[in-house]
Structure formats: C-alpha cells, structure tokens
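# Chains, contacts and geometry: an overview
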Amino acid sequence: MRNNYLLQQKALVKKLENSFVQNNIKANNNKVSVVSIQTDYANNNKICLTSVVFIPNDVSDRIILKVINNLKEIESHHYFYPDESMHLTIKNIRGIHQPPLFTEKDILKVDQLFKEIIPKFPAFEFKVEDVLIFPTSLSVMAYSNDTLQKLVLALDKGLREIGVPDNKKYFSDSVFWGNITVCRFTENPSPQFIDAAKKIRNLKIGEFKVEKVNLITCNAVCYPKSRKIIGEYELRKEFADKNRL
C-alpha cells in the first residue's frame, strides 16, 4: 500500500514528540542524538560528515514565511536557518566533533560507496509538513515513501562494511523520515515561543522531488562558510507513480 510507510513515519514522529513532552522538552532522552544549546552556532568549529538533500528555494521560502518569520517576532535571538542552509539528512556518517571523527581516507571510502549505491535508487518525493519542538531545536518534518527506507538501509549497510559506520543514535533503525531543522535554540525557549510553535504543529508546506544527494562536511547548522561539498550523486532519472506519496 502506497501510504503505509507514510503512516509508519507519522506514528514514529508522534511517538518521538510524546517522549520529549514527557521529559518536559529537555535534552535527556538518550534514544536520539541531540545537538546541545549554543550561543554562536554559525562560528562553531565542530564539524560532521553527512549526506543531505538541500531544500528547494520555493519550499524554503514557504518555511521562512509560515514558520520562521512568525517565531522570530517572538524570540529573535535564537539561530534561524537562512534558506541556503536548509537541508534534510539522508544518512549521517560522523556526528559533529572537534577534532573531526573522520579522516580524509574515510571521506574517499564513503565517496566511492555513494557513487556505487545512490544511482541504483529512483528519484522520490518528500511531503513537507508538521512542525515539531525538540529539546534544543525546532524542525519541519518531511515524509516519503519507502524508497527512503531502502536507500538509508543500503547506505547504512555499506558504511558498516567499509568500516565507517554511522555514529549517531536514532529513534528507529527501520523507519526514517526527513527532518528540516529551521531553528536552534540559544537558550530555553519561552512559553510564548512554545505555544506559537504548537499552534502550527500540523502546518502543511508542500512537496518536492529528490533527484540528487550531496556528501558534505559542515558544522551543526550547515553554515555556508563551514560547508564543503565532497560529492553529488544523482538518483535514477525515472520517476514512476509509485514514488509519489
């Protein structure tokens, strides 16, 4: 059934959201990796090795208009992502750290792996909707069909086989979705900020097609000056109806 994986994604997102609510939106949930609160995200020199999809301009513009601008009016001191930094992670490899938890040799091995695996998968869509508050950030979710699941599992298996396994913790090891971080907190958000975010919990932004994946190094907010693109890998051009949500 086409929407079965979407329903699984939505159920897991709701479960994750509830787990944080039960912990009072504090970063004490050890089931997932969480970036700690910082005062200067842009200039932080801790970097990661990861693979991402950059958000198309029309979608990022809608996120800025419908999410960021409203929340900025309440608390402008948090770090809000510019459109050129908005992305979602397809597969993390090494989390942020200084010194980096990867070598140039690791990068070369991952690059070769991605050249072999990613072109085997077809282009697919993300449906962008639902605004969630996490312990140290706020994100818009992006849902897909099970092409994402198959791609992530193939990359995860390949990374383990080449000796560069993903070192992050996840809420699920079989159901994946896109997470577009749009704001990172510089201090705990106020009740007014949280209330405003809750009012747009079920906001619908739109859809976009994924045709390529980028392997990059960057800091926690993918700040342009910190970012280096290692490689760009195209998915198969065909786009059958089954790849639509």
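Look up: the structure comes first, before these words.
These numbers come from a predicted model, not from an experiment. (Residues numbered from 1 in each chain as written. Predicted model: local features only at pLDDT ≥ 70, side-chain atom pairs only at ≥ 80, totals over all residues. Heavy atoms only, no water.)

### Re the overall build of the chain
Along the chain, the regular secondary structure elements total five helices and nine strands. The secondary structure elements of the chain, listed N-terminal to C-terminal, are α-β-α-β-β-α-β-β-α-β-α-β-β-β. Computed over its C-alpha atoms, the radius of gyration of the chain comes to 17 Å, within 12% of the 18 Å expected for a compact globule of 245 residues. With the C-alpha coordinates aligned to their principal axes, the bounding extent of the chain is approximately 50 × 45 × 30 Å. (Helix = DSSP H or I, 4+ residues; strand = E, 2+ residues; numbered from the N terminus. Rg over C-alpha atoms; globule rule 2.2 N^0.38 Å.)

### Overview of the layout of surface pockets
Its volume calculated, the largest pocket comes out at about 1,100 Å³. Going through the elements one at a time, helix 1 (4-22), strand 1 (47-54), strand 3 (87-97), strand 5 (137-143), helix 4 (146-161) and strand 6 (178-184) are the ones with two or more residues in the lining of the largest pocket. Residue contributions to the lining of the largest pocket peak at eight residues, all from strand 3. Per-class residue counts for the lining of the largest pocket are 24 nonpolar, 16 polar and five charged. (1 Å grid on protein atoms, 1.4 Å probe; cavity = no way out; pocket = protein on both sides within 12 Å on 5 of 7 lines; lining within 4 Å. Points joined across faces, edges and corners; volume = space filled by probe spheres on them. Nonpolar A, V, L, I, M, F, W, Y, C, P; charged D, E, K, R; others polar.)

### Some details on helix 3 (residues 104-117)
Over its 14 residues, helix 3 runs 20 Å from end to end, which matches the ideal 20 Å to within 8%, given 1.5 Å per residue. Buried-residue contacts for helix 3 involve strand 1, strand 3, helix 4, strand 8 (212-218) and strand 9 (228-234). (Expected span 1.5 Å × (residues − 1). Contact = heavy atoms within 4.5 Å.)

### Looking at the pairing of strand 3
When you tally the buried positions in strand 3, you get eight out of eleven residues, the bulk of the element. Across seven bridges, the pairing between strand 1 and strand 3 is antiparallel. Within strand 3, the position partnered with Phe-54 by the bridge is His-87. (Buried < 20%, exposed > 50% of the residue type's maximum accessible area, 1.4 Å probe, protein only. Pairing = 2+ DSSP bridges.)

### Considerations on the pattern of salt bridges
Going through the model one piece at a time under the given rule, you end up with 16 salt bridges. Between Asp-111 and Lys-115 there is a salt bridge, with its nearest N and O atoms 3.2 Å apart. Within this pair, Asp-111 and its partner Lys-115 are both found in helix 3, separated by four residues, close to a single helical turn. The exposure class of Asp-111 is buried, given its relative accessible area of 13%. (Salt bridge = Lys/Arg side-chain N within 4 Å of Asp/Glu carboxyl O.)

### Some points on the side chain of Glu-75
Note on placement: Glu-75 falls in the loop between helix 2 (57-74) and strand 2 (79-80). Although buried, Glu-75 forms no salt bridge, and the nearest oppositely charged side chain, Lys-72, lies 13 Å from it. Only 2.6 Å separates the side chain of Glu-75 from the side chain of His-78, close enough to count as a polar contact. Within the local environment of Glu-75, its side chain forms a polar contact with the side chain of Ser-190, the two groups lying 2.6 Å apart. (Lys, Arg positive; Asp, Glu negative; His and termini not counted. Polar contact = N/O pair within 3.5 Å; in protein donor to acceptor, adjacent residues only side chain to side chain.)

### Topic: the packing of aromatic side chains
Under the counting rule described, the total for this entry stands at six aromatic pairs. An angle of 90 degrees between the planes, with centres 5.7 Å apart, marks the rings of Phe-185 and Phe-193 as edge-to-face. The residues Phe-185 and Phe-193 share a single accessibility class, namely buried. One aromatic cluster in this structure is built from Tyr-41, Tyr-79 and Tyr-81. (Phe/Tyr/Trp six-rings, centres within 6.5 Å; stacked < 30°, edge-to-face > 60°.)

### Thoughts on the sheet that holds strand 8
The strand order across the open sheet built from four strands is 3-1-8-9, with neighbouring strands paired in antiparallel fashion. A single partner strand is all that each edge strand has here, and the edge strands are strand 3 and strand 9. Across this sheet, the average inter-strand angle for adjacent strands is 15 degrees, counted without regard to direction. Of the strand pairs in this sheet, strand 8 and strand 9 are connected by six bridges, and their pairing is antiparallel. By the bridge assignment for strand 9, Ile-216 is matched with Ile-229. (Axes fitted to C-alpha atoms, helices over the stretch in contact; angles between N-to-C directions.)

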